[in-house]
Protein chains: 2
Amino acid sequence: MRRMTARPANTHQARLLRLLRDGGPNSRAQLGDQVDLSRSKLAVEVDRLLETGLVVADGLAASRGGRRSHNIRLAPGLRFLGVDIGATSIDVAVTNAELEVLGHLNHPMDVREGPVAVFEQVLTMAAKLRASGLAEGFDGAGIGVPGPVRFPEGVPVAPPIMPGWDGFPVREALSQELGCPVMVDNDVNLMALGEQHAGVARSVGDFLCVKIGTGIGCGIVVGGEVYRGTTGSAGDIGHIQVEPDGRACACGNRGCLEAHFSGAALARDAEDAARTGRSAELAARLDGAGKLSAIDVAAAAAAGDPTALDLIREGGNRVGQVIAGLVSFFNPGLVVIGGGVTGLGHNLLASVRTQVYRQSLPLATGNLPIVLGELGPVAGVTGAARLISDHLFSPA
Amino acid sequence: MRRMTARPANTHQARLLRLLRDGGPNSRAQLGDQVDLSRSKLAVEVDRLLETGLVVADGLAASRGGRRSHNIRLAPGLRFLGVDIGATSIDVAVTNAELEVLGHLNHPMDVREGPVAVFEQVLTMAAKLRASGLAEGFDGAGIGVPGPVRFPEGVPVAPPIMPGWDGFPVREALSQELGCPVMVDNDVNLMALGEQHAGVARSVGDFLCVKIGTGIGCGIVVGGEVYRGTTGSAGDIGHIQVEPDGRACACGNRGCLEAHFSGAALARDAEDAARTGRSAELAARLDGAGKLSAIDVAAAAAAGDPTALDLIREGGNRVGQVIAGLVSFFNPGLVVIGGGVTGLGHNLLASVRTQVYRQSLPLATGNLPIVLGELGPVAGVTGAARLISDHLFSPA
DNA sequence: CCAACTTTCTCCACACTCAGGACAAAGATG
DNA sequence: CATCTTTGTCCTGAGTGTGGAGAAAGTTGG
């Protein structure tokens, strides 16, 4: 199949493509109602899009009391690849033009193995998805990496947890391998985009998306757009100091949020509690290598283990304290909490909420929902697909 | 004189008005180079603006090697009123259309005297400026109040330090009295706008403007636009907790930044040091009522008083700690520090910088200037004029 | 089965926008 | 004084977009 070559020629066309992406197939008449254009002008633009092959007319819709309308939809063969590289695993998914996930693979892998090894794995997974018949090729790909990115160039910069990636031309390299346009972003920003597109943050203009996985980061959305900061490191809240002379952090400082609570810190604390005999529940869950994960802590808490509950509560207080500050500063309309620790669920959420509602000003918290993300591992890959589709569905 | 009645009819006209405002008088040819429009189209739009009276052609400019150009400038009679209501004083200024301050008055007054009394004073000051011949009337006014504002309506909401103002229709009332359009915003946002227009933040897209006066607030500028948050309380950093069980704050919580450092807290600490005999320098500066101000502390520090220096240093550390967190989160291109405490100058700046550069990530601080505002009390009124002119210089 | 009404879509005439070139005006230069 | 440069105006032609007329295709009720 010939891949997507054309791009919208003007903002009207871009607008139409996004409407079709977000609202599904539609008739010319209904599109006309949404884009404040005359029927005639709209017909012209739709015809031009039909000529480019970006959209197709397939069949007639049911009548709504008059002549039946032609269904206009995005080309059904369009495929986007969404890649989410986490600290300890890789997610890859294929979507159609409406960004619905058609297939999704996950593979545990440490980013610290470096860009070359990770890329090989990503390409293998992409090939597997293609082989399964879900795609004959990709029209675009979005990829998230767990660290700051110089966005225009698509290159990671000074990533603390991913040595070896600094300056690696992710966009360039992946584009070469896949033969399609690629956009690169921070994994946290993509999670925010995903939740905005298909999750809890639909129709919210300004919100924060806190991702607690191996580390902690925060996606910032302002007026519906991801805010990336001057050097692309906005949202890097893992190294905010929460304890003047606290624990040593990998970044070289002491008392960073991430050192006190995160997937990694929680696992370490739980292992410690298990070995020192403070929790039989946790001890029973130690694996062969003497390791625990956030999931084990969640299970122990569900079984009523007070030590596990304490760990979660204390962690929630730490994050909540930081989020309370951010809420005062940013005054968001919504706070989403996601990442690996969502398994800790409402125990975590409860302590976060307590801190925020107690510490931040009533005006900022009065109507502020604090909720868990609803897309789980799909958020990142959906956000990645959204990133590239936003890029391709804008005037060239 | 007839006041400004017309508004730009389209974005081109709005663009031209702003160019003339920010770049001063200009020829048609030079304007054409700046707004990607053909000479003919530009001539048409300029002619239409001339017809409305918003701009005038006055005289010929010097030749640049060919035919001399006609100078196009904003109507010289346009006048904006900028009002900055602080916690303890009121600033009022008149500007021309280029936002140059033509006259500026200051009057000490406590906002807690309520909106009616404050308004009376503002109107008196405006009348005095008018009587001095600087303006025959006002084409628009901007006003800043020390608390959150529901921006579209121009109404203060739940202002902690200004009881009695909650819900008072500031925009409506002032517009009625002055007979011209009015826009209302938080005083901190206006300071940010002022520094962006004519101060240290020119040509910076994303920056923070921390105002330390009686309280502490922070103006947030994203992509050149002030970010106000979902309910208009964005930037309210005075009540971020900096000490788990710290001092009691007026807001009802404990350990708020504002309770530990701000103009008010610093004065209290200084008075305490003076009375308990810890600082002779400060004791010597006590006024009849046993009061001190930030200026006294600055003077004592300049005289080498170690207690005063300690107070400044400790305060700077507190604010620096919070700013460090905000820098990690927001990744600004510039941090401006202003407000009443700028008199503390480089002693304060030094401790803020130390905290930020030590605690925030290198990627965020690498190229980050932290500077004092350069406009002083003019920042707020300039920002106020800018606010209303931005409003009036946009398509109706 | 037919008349009346709806909804969808196409076609066409007209207005408006805007670019670019020709040209006039006004000055500099040698 | 001839030539060049810069500025500003006028005009034509291409393209953009609106709104109305009307054809196409359906529903509804008698």
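Residues numbered from 1 in each chain as written. Chains lettered and ligands numbered in written order. Predicted model: local features only at pLDDT ≥ 70, side-chain atom pairs only at ≥ 80, totals over all residues. Heavy atoms only, no water.

Okay, the overall build of chain A next. From N to C terminus, chain A includes 14 helices and 14 strands. Taken along its principal axes, the extent of the C-alpha atoms in chain A is 75 × 50 × 40 Å. Within chain A, the proportion of its 396 residues that are buried is 56%. When the accessible surface of chain A is summed, it comes to about 15800 Å², and 50% of that surface belongs to carbon and sulfur atoms. Across chain A, 35 positive and 40 negative side-chain charges occur, with their mean positions spaced 6 Å apart. (Helix = DSSP H or I, 4+ residues; strand = E, 2+ residues; numbered from the N terminus. Buried < 20%, exposed > 50% of the residue type's maximum accessible area, 1.4 Å probe, protein only. Areas by Shrake-Rupley, 256 points an atom, 1.4 Å probe, with all protein chains shown as cover. Lys, Arg positive; Asp, Glu negative; His and termini not counted. Charge placed at Lys NZ, Arg CZ, Asp CG, Glu CD.)

In many analyses, interface size is given as the accessible surface area lost on bringing the parts together. Contact with chain B, which involves 35 residues of that partner, is made by 35 residues of chain A. Summing both sides of the interface, chain B and chain A together bury roughly 3000 Å²; the carbon and sulfur share of this comes to 60%. Contact with chain A buries surface across chain B, with Tyr227(B), Phe329(B) and Leu363(B) losing the most and accounting together for 26% of the total. If you look at where chain B meets chain A, you find 0 salt bridges. (Contact = heavy atoms within 4.5 Å. Buried area = accessible area lost by both parts, 1.4 Å probe. Salt bridge = Lys/Arg side-chain N within 4 Å of Asp/Glu carboxyl O.)

In total, this model carries 13 aromatic pairs over all chains according to the counting rule given. Aromatic side chains Phe80(A) and Phe393(A) sit 6.3 Å apart centroid to centroid with 65° between the ring planes, which places their arrangement in the edge-to-face category. Placement of Phe80(A) in strand S3 (residues 80-85) and of Phe393(A) in the segment after helix H14 (378-392) is noted, with a sequence separation of 313 residues between them. Summarising the aromatic geometry, the rings of Phe119(A) and Phe168(A) are spaced 5.5 Å apart at their centres and angled 70° between planes, so their arrangement reads as edge-to-face. Remark: Phe168(A) occurs in the loop between strand S8 (155-156) and helix H5 (170-178) and Phe119(A) occurs in helix H4 (residues 115-131); sequence separation between them is 49 residues. The class of Phe168(A) is partly exposed, set by a relative accessible area of 22%. Taken together, the aromatic side chains of Tyr227(A), Phe329(A), Phe330(A), Tyr227(B), Phe329(B) and Phe330(B) make up a single cluster linked through ring pairs. The side chain of Arg228(A) reaches across the aromatic face of Phe151(A), ending 3.5 Å from its centre. (Phe/Tyr/Trp six-rings, centres within 6.5 Å; stacked < 30°, edge-to-face > 60°. Lys NZ or Arg CZ within 6 Å of the ring centre and 35° of its normal.)

Applying the stated criterion to the full structure yields 38 salt bridges over all chains. A salt bridge links Arg247(A) to Asp269(A); the nearest nitrogen and oxygen atoms lie 3.2 Å apart. One end of the pair, Arg247(A), is in the loop between strand S12 (225-226) and helix H7 (257-260); the other, Asp269(A), is in helix H8 (residues 263-275), with 22 residues separating them in the sequence. Arg18(B) serves as the salt-bridge partner of Asp390(B), at 3.8 Å between the closest nitrogen and oxygen. With Asp390(B) in helix H14 (residues 378-392) and Arg18(B) in helix H1 (residues 11-23), the pair connects residues that are 372 residues apart, well separated along the chain. A relative accessible area of 17% places Asp390(B) in the buried class. Residues joined in a network through salt bridges with shared partners are Arg18(A), Arg21(A), Asp22(A), Arg386(A) and Asp390(A).

Moving on, we get to the sheet that holds S3(A). Residues and elements named next belong to chain A. Strand order in the open sheet formed by 5 strands is S5-S4-S3-S6-S9, and the pairing between neighbours is mixed. Looking at the sheet topology across the chains shown, the edges are occupied by strand S5 (101-108) and strand S9 (182-186). For this sheet, the mean inter-axis angle between neighbouring strands, taken without regard to orientation, is 15°. H4 contacts S3, strand S4 (89-95) and S5 of the sheet and is inclined by roughly 35° relative to S4. Lying over the sheet, H5 contacts S3, strand S6 (140-145) and S9, oriented at roughly 140° with respect to S9. (Pairing = 2+ DSSP bridges. Axes fitted to C-alpha atoms, helices over the stretch in contact; angles between N-to-C directions.)

This part is about the pairing of strand S5 (residues 101-108) of chain B. Residues and elements named next belong to chain B. One ladder, built from 7 bridges, connects strand S4 (residues 89-95) with S5; its direction is antiparallel. Residue pairing across strands places Thr-95 opposite Val-101, the latter belonging to S5. Hairpin connection between S4 and S5: a loop of 5 residues separates the two successive antiparallel strands, and Leu-99 in this loop has a positive phi of roughly 70°.

Residue and element names in this part refer to chain B. By the secondary structure assignment, Leu-49 is in helix H3 (residues 39-52). Residue class for Leu-49 comes out buried when judged on its relative accessible area of 2%. Sequence separation between Leu-49 and Arg-7 is 42 residues; the distance between their C-alpha atoms is 9.2 Å. Not counting chain neighbours up to four residues away, the residues in contact with Leu-49 comprise Gln-13, Leu-16, Leu-17, Leu-54 and Val-55.

Around DNA strand C, the structure places 21 residues, and the nearest of them are Arg64(A), Arg67(A), His70(A), Ser40(B) and Lys41(B). With respect to DNA strand C, the side chain of His12(B) contributes an N or O atom lying 3.2 Å from a phosphate oxygen. Elements that contribute at least two residues to the surface near DNA strand C include exactly helix H2 (28-34) and helix H3 (39-52) of chain A together with H3 of chain B. Class assignment of the residues belonging to the surface near DNA strand C gives a composition of 2 nonpolar, 11 polar and 8 charged. (Near = heavy atom within 4 Å. Polar contact = N/O pair within 3.5 Å; in protein donor to acceptor, adjacent residues only side chain to side chain. Nonpolar A, V, L, I, M, F, W, Y, C, P; charged D, E, K, R; others polar.)

For the rest of this paragraph, the subject is the protein's contact with DNA strand D. If you check the shell around DNA strand D, you find 20 residues, and the closest are Ser40(A), Lys41(A), Arg64(B), Arg67(B) and His70(B). Taking Ser40(A), its side chain carries an N or O atom lying 2.7 Å from a base oxygen of DNA strand D. Separating a base oxygen of DNA strand D from a backbone N or O atom of Arg67(B) is a distance of 2.8 Å. Contributions of two or more residues to the surface near DNA strand D are made by H3 of chain A together with helix H2 (28-34) and H3 of chain B. At 3 residues, the largest contribution of residues to the surface near DNA strand D is made by H3(A). Taken together, the residues that form the surface near DNA strand D break down as 1 nonpolar, 11 polar and 8 charged.

Turning to the relation of the copies chain B and chain A, a few remarks are in order. Superposition of the two copies of the chain requires a rotation about an axis and a shift along the axis. Of the transformation placing chain B onto chain A, the axial shift is 0.0 Å and the rotation is 180°, giving an RMSD of 0.1 Å. The superposition operator between the copies reduces to a two-fold rotation axis. (Least-squares fit on C-alpha atoms with pLDDT ≥ 70 in both.)

Here we take up unusual backbone geometry. Notably, Leu99(A) is not glycine yet its phi reads approximately 65°, a positive angle. Within the secondary structure, Leu99(A) is located in the loop between S4 and S5. Leu99(A) sits in the buried class, given a relative accessible area of 5%. The phi angle at Ser203(B) is positive, at roughly 70°, despite the residue not being glycine. Within the secondary structure, Ser203(B) is located in the loop between helix H6 (187-198) and strand S10 (207-212).

So, about the state of the cysteines. In total, this model carries 0 disulfides over all chains according to the counting rule given. Here Cys218(A) stays unpaired: no disulfide links it, and the sulfur of Cys209(A), its closest cysteine neighbor, is 7.4 Å away. In this structure Cys256(B) is a free cysteine whose sulfur lies 3.6 Å from that of Cys251(B), the closest cysteine sulfur available. When its relative accessible area of 1% is taken as the criterion, Cys256(B) is described as buried. (Disulfide = S-S within 2.5 Å.)

All names here are of chain A. Two elements in contact, helix H6 (residues 187-198) and H14, have axes whose closest approach is 7 Å; the angle formed by their N-to-C orientations is 85°. As judged from the angle between their axes, H6 and H14 are roughly perpendicular. Residues Leu-190, Met-191, Leu-193, Gly-194, Glu-195, Gln-196, His-197 and Ala-198 of H6 lie in contact with H14, whose contacting residues are Ala-379, Gly-380, Thr-382, Gly-383, Ala-384, Arg-386 and Leu-387. Taken together, the residues of the contact of H6 with H14 break down into 7 nonpolar, 6 polar and 2 charged. (Parallel < 35°, antiparallel > 145°, perpendicular 65-115°, else oblique.)

The next thing to look at is the domain arrangement of chain A. All names here are of chain A. Once the domains are mapped, chain A shows domain 1 (11-74), domain 2 (80-196 + 378-392) and domain 3 (202-372). For domain 2 and domain 3, the distance between their C-alpha centroids amounts to 25 Å. Taken residue by residue, the interface counts 17 residues in domain 2 and 23 residues in domain 3. Of the roughly 1500 Å² buried where domain 2 meets domain 3, counting both sides, 60% is carbon and sulfur surface. On the domain 2 side of the contact with domain 3, Val-188, Met-191 and Gln-196 bury the most area, a combined 37% of that side's loss. Residues Asp-185 and Arg-228 are paired through a salt bridge, measuring 2.7 Å at the closest nitrogen-oxygen approach. The residue inventory of the side of domain 2 that touches domain 3, partitioned by class, reads 10 nonpolar, 3 polar and 4 charged. (Domains from an automatic or database assignment.)

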